[in-house]
Amino acid sequence: MAETPFSPLPGYPDEELAERSVQLYRFMERRRSIRQFSDRPISEEAIKNCIRTAGTAPSGANQQPWTFVLVKDPRVKGAIREGAEQIERVFYEKRAPEEWKDALKPLGTGYRKPFLEGAPYLIAVFVQKYGVSEDGSRVTHYYAQKSVGIATGFLITALHQLGISTLTYTPSSMNFLNAILKRPENELPFLLLVVGYADENVKVPDIRRKSLDEIVIVV
Ligand code: IYR
């Protein structure tokens, strides 16, 4: 097999790094998950470019084991809301242990998910457990879950960069998404990203982020 060619990568001058890193931190710390979305339209081209950005994420053996389903059709959003609320109702009324419900209290969530219809887009992110080559044979995917997690981070960051808000939404079973979105058996739902501008009256819970000292250990 031919060897992969290697090329150098550009960087920034050393004296700029501290300032650049603070700027990015300040920008990213302003990102918040929201649950009240405006129905204000957003350019589909812009959203697709954010998905292209997600597709630049690193992945195991560069296999890019992700599928992004961009949902804009109100009927499909309605079907997703219906499926999700059914699952959430059972979660909140029967399945969720008290400890889990206690952990969720500060977020003020419940089984109703109006944002699944109200936001202009949903992006259903799928993990390809394995690939399927042209002759139909299976291709092993390495570290597929981790890779898709990283790509989703890229997607959230790209949208934030445009001032677009997101909610990383994960009903406790997501198999209904395969049926509604007609995705094949090798694709597992990873999460549903709700995408739109924040409602002008949006309220977010007062949460705090761990300090650097709490999350870093330098050895
Ligand atoms: N899927 C439910 C419950 C829920 C679970 C976690 I973990 C959250 O961070 C938030 C909510 C819901 O969305 O209501």
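Asks: Help me understand the site of the ligand in this model?
Replies: Near the ligand you find Arg-35, Glu-88, Phe-91, Tyr-92, Trp-100, Leu-104, Leu-107, Thr-109, Gly-110, Lys-113, Tyr-169 and Thr-170, and these make up its full shell. At 2.5 Å from an oxygen atom of the ligand is found a side-chain nitrogen or oxygen belonging to Lys-113. Here a nitrogen atom of the ligand sits 3.4 Å away from a polar atom, N or O, in the main chain of Thr-170. Relative to its unbound accessible surface of 380 Å², the ligand loses 73% to contact with the protein. Here the ligand is seated within the largest pocket. Among the elements of the structure, α3 (74–95) and α4 (98–104) are those that each provide at least two residues to the shell around the ligand. With three residues, the single largest contributor to the shell around the ligand is α3. Looking at the shell around the ligand, its residues break down into six nonpolar, three polar and three charged.

Asks: Please explain unusual backbone geometry as it appears in this structure.
Replies: Trans is the common state for peptide bonds, and a negative phi is the common state for residues other than glycine. Notably, Ala-61 is not glycine yet its phi reads approximately 50°, a positive angle. One can find Ala-61 in the loop between α2 (44–54) and β1 (66–71). The phi dihedral of Tyr-143 is positive, around 50°, even though this residue is not glycine. Structurally, the position occupied by Tyr-143 is in the loop between β4 (138–140) and α6 (144–161). Residue class for Tyr-143 comes out exposed when judged on its relative accessible area of 57%.

Asks: Would you explain the packing of α2 against α6 in this entry?
Replies: Packed helix pairs are characterised by how far apart their axes lie and by the angle those axes make with each other. Orientation of α2 relative to α6, taken along the N-to-C sense of each, is 145°, at an axis distance of 8 Å. Between α2 and α6 the crossing geometry is right-handed. Across the interface between the two elements, Ile-47, Cys-50, Ile-51, Thr-53 and Ala-54 of α2 pack against Ala-151, Phe-154, Leu-155, Ala-158 and Leu-159 of α6.

Asks: Just to check I follow, could you spell out the nonpolar core for this structure?
Replies: It is characteristic of soluble globular proteins that their nonpolar side chains tend to be buried jointly. Grouped together as the largest cluster of nonpolar side chains are 24 residues, with contacts concentrated most on Ile-47, Phe-68, Ile-123, Leu-155, Leu-159, Leu-193 and Val-195. When contributions to this core are tallied by element, the ones reaching two or more residues are α2, β1, β2 (121–128), α6 and β6 (187–196). Here this core takes seven residues from α6, the largest share from any one element. Residues within four places of Ile-47 in sequence aside, it is in contact with Ile-42, Leu-70, Tyr-121, Ile-123, Leu-159, Ile-164 and Val-195. Residues Val-69, Ile-87, Met-174 and Leu-181 belong to the second largest nonpolar core, which totals 21 residues.

About the criteria used
- Residue positions are given per chain, counting from 1 as you read along its sequence in written order.
- Totals for whole chains, interfaces and linings use every residue, but because this is a predicted model, local features are given only for residues with pLDDT of at least 70 and side-chain atom pairs only at 80 or more, for both listing and counting.
- Where side-chain values are given, they derive from all heavy atoms of the structure, hydrogens and water being excluded.
- If even one non-hydrogen atom of a residue comes within 4 Å of a molecule or strand, that residue is called near it.
- In the analysis that follows, any N or O atom pair within 3.5 Å is treated as a polar contact, provided that within protein one partner can donate a hydrogen and the other can accept it, and provided that, for residues neighboring in sequence, both atoms belong to side chains.
- The Shrake-Rupley method, run with a 1.4 Å probe sphere, supplies the accessible areas, and residue values consider only the shown protein chains as cover.
- With a 1 Å grid laid over protein atoms only, a set of points is called a cavity when a 1.4 Å probe fits there but cannot get out and a pocket when it is open yet has protein on both sides within 12 Å along at least five of seven lines; lining residues have an atom within 4 Å of a point.
- Each molecule is assigned to a cavity or pocket provided more than half of its atoms lie within 2 Å of the corresponding grid points.
- Think of it this way: any DSSP run of H or I at least four residues long counts as a helix, any run of E at least two long counts as a strand, and we number them from the N terminus.
- Amino acids outside the nonpolar list (Ala, Val, Leu, Ile, Met, Phe, Trp, Tyr, Cys, Pro) and the charged list (Asp, Glu, Lys, Arg) are all regarded as polar, and Gly is one of them.
- Each residue is assigned to one of three classes by its accessible area relative to the maximum for its type, calculated with a 1.4 Å probe on protein chains only: buried under 20%, partly exposed between the two thresholds, exposed over 50%.
- For every element, the axis is a line fit to its C-alpha atoms; helices are fit only across the contacting stretch, and the angle between N-to-C directions ranges from 0 to 180 degrees.
- Handedness of a helix crossing follows the sense of rotation of the near helix relative to the far helix, less than a right angle counterclockwise being left-handed and clockwise being right-handed.
- In this analysis, two residues are considered to be in contact whenever any of their non-hydrogen atoms come within 4.5 Å of each other.
- Nonpolar core, defined: a set of buried Ala, Val, Leu, Ile, Met, Phe, Trp, Tyr and Cys residues in which side-chain atoms within 4.5 Å join the residues together.

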